[in-house]
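Below, each chain spelled out in residue letters.
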Amino acid sequence: MGDRSTGRSWFSVMLPAIPVLAVGLSACGSGAGSSGVPSATPSPLCAGVNTPPGHTNGVASVSGGASSLSGAGGTFVAPMMSIWSAAYNTSDHVQVAYQSVGSGAGIAQVQAATVDFGESDAFMTDSDIAKAKGPVVQTPLVQAPVVVAYNLPEITSGLHFDGETVGKIFAGQITTWNDPAIKKLNPNVNVPNLPIAVVHRSDGSGTTFIFSDFLTKESPTWVSALGGKDKSVGKTIAWPVGIGGKGNEGVSAAVGQNSGGIGYLELSYAVAQNLTYADVKNKAGSFIQPCVKTAANATAGITDYPPDLRIDVVDVSTDADAYPITGLTWALVYQKQTDAAKAAALVNFFNYVLTKGQDVAATADYTPLGADLQKLCVGQLRKITLNGTPVAA
Amino acid sequence: MSPASAGGIAAIERHPLPIALRGERRRLGDSVFGAAVALTGGVVLLVLAAMVVFLVLQGLPAMRHYGFFSSITSQRWAPSEASATLSTPNPYGIVQFIYGTVLTSLIGMVIAVPLAVGAALVITDVAPRRLRRPLSSLVDLLAAVPSVVYGFWGLFALIPAIRPVVDFITSTLGTVPVIGVPFGGPFFGVSYFTAGLVLAIMILPIIAAVCREVFRSTPRNEKEAAVALGATRWEMIRIAVLPRARSGIVGASLIGLGRAVGETIAVTMVIGNAVLHINPSIFDQGATMSSVIANEFTEATEPFHLESLFVVGFWLLIVALVVNMLARVVVRRGVSL
């Protein structure tokens, strides 16, 4: 072949694959998340330990329950559900297999009756229930705040935002951080002259539902940019601008990677990624840091719960210490059960979730249900029947 | 077809089934083998046909409701604006996804093909002999990396690495009127360009591996003849290796293109998933046909949403088939050159 003599000189010039690999090795150390700075000192509202609610008002345990249950639903509640199912398996030896497939898929699986229970961040509407095989009992399981996380390396304390400003940012009408609207809310902060990288969910999401619900209630600009209130709230939004991240993880990665990034996340993901998040103005006019305590206040003062508990609590409370972007997440169970063992297991499991399960919620940065609401949820369990008679005693 | 191989087929046809001609009894093994092969081959065709029928059937409600071609004449995808009764305008336009698929694949090809050809030449003709085998297996190893790993790597390693370069481009070339529009900023990491770059790195080993085999098949005596005539290494490659390999390189590239067009998870992770419309800059966010399906099918709860995702799947299949057929035409023409 005659290529031995000149091989080396060519070799050094023409090996294109090696530099490509080298880029990977050298850049590996600078991943996302490293730029996130934890929120500065917690506001007095969030300081101190979270006292477990210690509810004892559950129903009596029903005997003869099945040893396994299957459920499907939102990813929002999945980390909480895995804690509940592990603890419940240890204490009561019942396996709860939860598929975190998304709220829409959870509702679809309830309608097809392929799971024992469903879960969704938006309750089933009348038209959803019409497609199901019978009446559905819906009960909130837990409350959770959605935070507005941002990545501005020099600003470690919570920026102040109101709904209209956040709405303008996500509608693409505020594009730099030193916009007068942001400066006006944060007179003492030196906001940098950086372009805003808007990050939203690319997949349908209950988190999006809660966040867009808040924007729709607080930001006329958001509503008009999206073309009306029927289009400005939902699990999917026709986002005018921004990066779509898949899942809470995708959003936190994109925010963490971009100086100037802003996105909305469930609190537990923002805490896990060490992202800084904003204090948001509530109905009473105060800027509130999101945490378990302030999210719990989001249902404070609500008394007019409908009998089926299908209520929108986002930005409703007028409590001075309530974090406004707080939503509920629902369990969906057929009211008329046909299998005695499954019916007993369902009532027992959700009874655990609504009583002892509420005590462990705060450890995963979820918010236990308020006392008033929790009582009503236990009442929902009593509506589940087997051959016409209530399962719970 | 080259004259030689055409002659070969003709020769076989003149003497069909020599075993049968000799009057011997056909063995049981032959008929079992024949039937088994026919069955497996038939299953492949059946699966393909069933897939097309399935996609059309699933997408049919949306196609009927909005009209067959309305999705490929609109570039606005807004499921939240869909209603069960309104049929115009179609909120499920997919031109921006076709654009995203084509653009990212194109960026991938432009970067990967020269690199892959170079890498293959290094392995076959340039690198010191003792390095060729390890290099060769390294390339094969790269081809086996799962795509989700490429996506992860793209997100956490590649984006920080290219950011200074892209920031420089957007702040210089990107500010020029008209020609600067496709290079405009600001750059937020995930973009058409990033997706193209990740695709390039994914398809590079595949193209390089095929090219390597193609270059290896160059007759040794032709290479030696070129060197004997006083050709340098480069001239030897230019005279003896590359002309014969042209159709092989094209074929290899099209195999790579096939993977790039359908690649889903890695692209979904780095393209930014802006589904609403086409963004003009390659440094802006976009979406491809496969990325929108991967993102939205789990929560496709709006009216005609899931059906429209099947429509996207149908057109993706069409695009893939067109790319493949184009590949055949190009390869055939390449051979006759």
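Note that the coordinates shown come from a computational prediction; the quantities given were computed from them, not determined experimentally.

1. What to know about unusual backbone geometry
- For the bond from Thr88(B) to Pro89(B), the omega torsion is -10 degrees, close enough to zero to count as cis.
- By the secondary structure assignment, Pro89(B) is in the loop between helix 3 (28-66) and helix 4 (95-126).
- Not every positive phi belongs to a glycine, and Leu309(A) is a case in point at roughly 60 degrees.
- Counting through the fold element by element, Leu309(A) comes out in the loop between helix 12 (292-296) and strand 12 (326-334).

2. Describing the domain arrangement of chain A
Residues and elements named next belong to chain A.
- According to the domain assignment, chain A contains domain 1 (68-144 + 304-390) and domain 2 (145-297).
- Taken over C-alpha atoms, the centre of domain 1 sits 27 Å from the centre of domain 2.
- Contact with domain 1, which involves 34 residues of that partner, is made by 31 residues of domain 2.
- Secondary-structure elements contributing two or more residues to the side of domain 1 that touches domain 2 are helix 4 (103-111), strand 4 (136-151) and strand 12.
- Ranked by residue count, the leading element in the side of domain 1 that touches domain 2 is strand 12, at 3 residues.
- Partitioned by chemical class, the residues of the side of domain 1 that touches domain 2 number 14 nonpolar, 14 polar and 6 charged.

3. Examining the packing of helix 6 (residues 163-170) of chain A against helix 8 (residues 206-218) of chain A
All names here are of chain A.
- Orientation of helix 6 relative to helix 8, taken along the N-to-C sense of each, is 115 degrees, at an axis distance of 8 Å. The element helix 6 and its partner helix 8 pack so that their crossing is left-handed. In this structure, helix 6 uses Gly163, Glu164, Val166, Gly167 and Phe170 to contact helix 8, whose residues at the interface are Phe214, Leu215 and Glu218.
- Counted by class, the contact of helix 6 with helix 8 contains 4 nonpolar, 2 polar and 2 charged residues.

4. Regarding the confidence of the model for chain A
- Predicted confidence across chain A gives a mean pLDDT of 85, with 89% of residues reaching 70 or more.
- In the model, residues 1-40 of chain A has pLDDT below 50 throughout and makes 63 contacts with residues more than four positions away in sequence or in other chains.

5. Examining the domain arrangement of chain B
Residue and element names in this part refer to chain B.
- Under the domain assignment, chain B is made up of domain 1 (3-66) and domain 2 (95-336).
- Distance from the C-alpha centre of domain 1 to the C-alpha centre of domain 2: 32 Å.
- Taken together, the 9 residues of domain 1 in the interface contact 8 residues of domain 2.
- Across the side of domain 1 that touches domain 2, the residue classes break down as 6 nonpolar, 3 polar and no charged.

What counts and how
Residues numbered from 1 in each chain as written. Chains lettered and ligands numbered in written order. Predicted model: local features only at pLDDT ≥ 70, side-chain atom pairs only at ≥ 80, totals over all residues. Helix = DSSP H or I, 4+ residues; strand = E, 2+ residues; numbered from the N terminus. Domains from an automatic or database assignment. Contact = placed C-beta atoms within 7 Å. Nonpolar A, V, L, I, M, F, W, Y, C, P; charged D, E, K, R; others polar. Axes fitted to C-alpha atoms, helices over the stretch in contact; angles between N-to-C directions. Left-handed = near helix turned anticlockwise from the far one by under 90°. pLDDT = per-residue confidence, 0-100.

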